[in-house]
Amino acid sequence: MDCLIVTDLDGTLLNHEHRLGDYTRAVLDALWSRGVEVMLASGRHHRDMRGICEQVSYRGYLISSNGATVHDDQGRLVDWSAIDPECLDFLLRDPLFERVHTNVYLIDEWLVETPEPALLGYHQDSGFSYRVTDFGALTEVPVVKVYYYHTDAAHLRDLERVIEQRYGDRLCTTYALPVVLEVMAKGVSKGDALDLVLQRTGRTREQVIAFGDGRNDLELLSIAGKGLLMSNAVPALKAALPTLEVIGSNAEESVARYLERLLGSAGPACDRVA
């Protein structure tokens, strides 16, 4: 099979409980056993993603933290982009963010200043968890992502506008979930990270079949030879990519169902599904 399958996790490959369904696990194992390349691209931390990968036969590249970090098929860090340290005092300590729960991704850790048990529900399969610490101690440690959790989406959008006004030349923002505003270094995206992987592996964009549901999937789906939207994709993503095919929802394990049909076709190639 000539294609590279690239899929988001939450809202896409994972079910409504943010877990791999049994049917999805079986399809993934069948694909990998036949040598089909399936790559994961997520806003999640790479250690979190590794915990999910251990449930199946995954041995590919990982695009994590929305493309801020990339690991190869041997688990080695091959690329990373850190937030400008001059922006961190604002992002971590400005009173503007008092109402939200602030989270920091280092290359190998997830840090918070106050516990937020609600967030741990997203990581029940991987067991990934935060470490409570004082952000004041973050001086020379590279920060690859800051994200803010709050159930008031309107408040997050207000914060996003302020971030863009003050540091739009050095930072970029996106959403993996409506309740999570994510901040990375300027130019970071899943799409840019995918381009790096394609260069390293000698593949082309035309060989990529990609699945996504959130705003942080926009660049990934835009450059894929074939991009597919989940029926539960956020309206902004559907509006931005109106010509893409829409499949079923993540609750129906629709990525796995699509891939099983692809696996069952005779000698599938990208030009036959584009």
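Just above sits the structure.
Residues numbered from 1 in each chain as written. Predicted model: local features only at pLDDT ≥ 70, side-chain atom pairs only at ≥ 80, totals over all residues. Heavy atoms only, no water.

A. The overall build of the chain, seen in detail. The number of helices and strands found in the chain is 11 helices and 14 strands. For the chain, buried positions account for 56% of its 274 residues. Total accessible area on the chain is roughly 11,600 Å²; 47% of this is exposed by carbon and sulfur atoms. Here the chain holds 27 positive side-chain charges and 41 negative ones, and the gap between their average locations is 3 Å. (Helix = DSSP H or I, 4+ residues; strand = E, 2+ residues; numbered from the N terminus. Buried < 20%, exposed > 50% of the residue type's maximum accessible area, 1.4 Å probe, protein only. Areas by Shrake-Rupley, 256 points an atom, 1.4 Å probe, with all protein chains shown as cover. Lys, Arg positive; Asp, Glu negative; His and termini not counted. Charge placed at Lys NZ, Arg CZ, Asp CG, Glu CD.)

B. A look at the side chain of Asn15. Position of Asn15 relative to the elements: it lies in the loop between α1 (9–13) and α2 (22–33). Residue class for Asn15 comes out buried when judged on its relative accessible area of 14%. Among residues more than four places away in sequence, those in contact with Asn15 are Leu20, Gly21 and Asn250. (Contact = heavy atoms within 4.5 Å.)

C. Local environment of the environment of Leu262. Along the chain, Leu262 turns up in helix α10 (residues 254–264). Accessibility expressed as a relative area gives 6% for Leu262, which makes it buried. In this structure the C-alpha to C-alpha distance between Leu262 and Leu31, which are 231 residues apart in sequence, comes to 9.8 Å.

D. Summary view of the packing of α2 against α10. Contact geometry of α2 with α10 gives a least axis separation of 9 Å together with a crossing angle of 35°. As α2 packs across α10, the resulting crossing turns out to be left-handed. Here Tyr23, Thr24, Val27, Ala30 and Leu31 of α2 lie close against α10, whose contacting residues are Ala256, Arg257, Leu259, Glu260 and Leu263. (Axes fitted to C-alpha atoms, helices over the stretch in contact; angles between N-to-C directions. Left-handed = near helix turned anticlockwise from the far one by under 90°.)

E. Structural view of the sheet that holds strand β5 (residues 77–80). Strand order in the open sheet formed by 8 strands is β5-β4-β3-β2-β1-β12-β13-β14, and the pairing between neighbours is mixed. Strand pairing shows two members of the sheet lacking a second neighbour, β5 and β14 (245–246), which therefore form its edges. Note that strand β1 (residues 4–7) and strand β2 (residues 37–41) share 4 bridges and pair parallel. From the neighbouring strand, Leu4 faces β2, where its bridge partner is Glu37. Contacts from helix α7 (residues 190–201) reach β1, β2, β3 (62–64), β4 (69–71), β5 and β12 (208–212) within the one sheet, and its direction differs from that of β3 by about 155°. (Pairing = 2+ DSSP bridges.)

F. The arrangement of the pattern of salt bridges in detail. Enumeration according to the criterion identifies 19 salt bridges in this entry. Its salt-bridge partner being Arg203, residue Glu37 comes within 2.6 Å of it at the nearest N-O pair. In this pair, Glu37 sits in strand β2 while Arg203 sits in the loop between α7 and β12, placing the two residues 166 residues apart along the sequence. The closest approach of N and O atoms between Asp89 and Arg93, which form a salt bridge, is 3.4 Å. (Salt bridge = Lys/Arg side-chain N within 4 Å of Asp/Glu carboxyl O.)

G. Examining the pairing of strand β6 (residues 101–106) more closely. Counting buried positions along β6 yields 6 of 6 residues, so the element is predominantly enclosed. Neither face of β6 is exposed, since His101, Asn103 and Tyr105 on one face and Thr102, Val104 and Leu106 on the opposite face are all buried. Here 6 bridges tie β6 to strand β9 (residues 143–149), and the two strands are oriented antiparallel to one another. Counted as the bridge partner of Asn103 is Tyr147 from β9. Summarising the sheet, β6 and strand β7 (residues 110–112) pair through 3 bridges and their orientation is antiparallel. Each residue of the ladder has a partner; that of Val104, found in β7, is Leu111. Between β6 and the antiparallel strand that follows it, β7, lie 3 residues.

H. Summary view of the nonpolar core. Counting residues in each nonpolar core, the largest one holds 52 residues, and the members touching the most others are Ile5, Val6, Met39, Leu194, Phe211 and Leu259. Sorting elements by how many residues they give to this core places α10 first, with 6 residues. When near neighbours in sequence (up to four residues on either side) are disregarded, Leu194 contacts Leu4, Val6, Met39, Ile63, Val208, Leu220 and Ile223. Counting residues in each nonpolar core, the second largest holds 25 residues, with Ile83, Leu88, Val100 and Tyr167 among its members. (Core = buried A, V, L, I, M, F, W, Y, C linked by side-chain atoms within 4.5 Å.)

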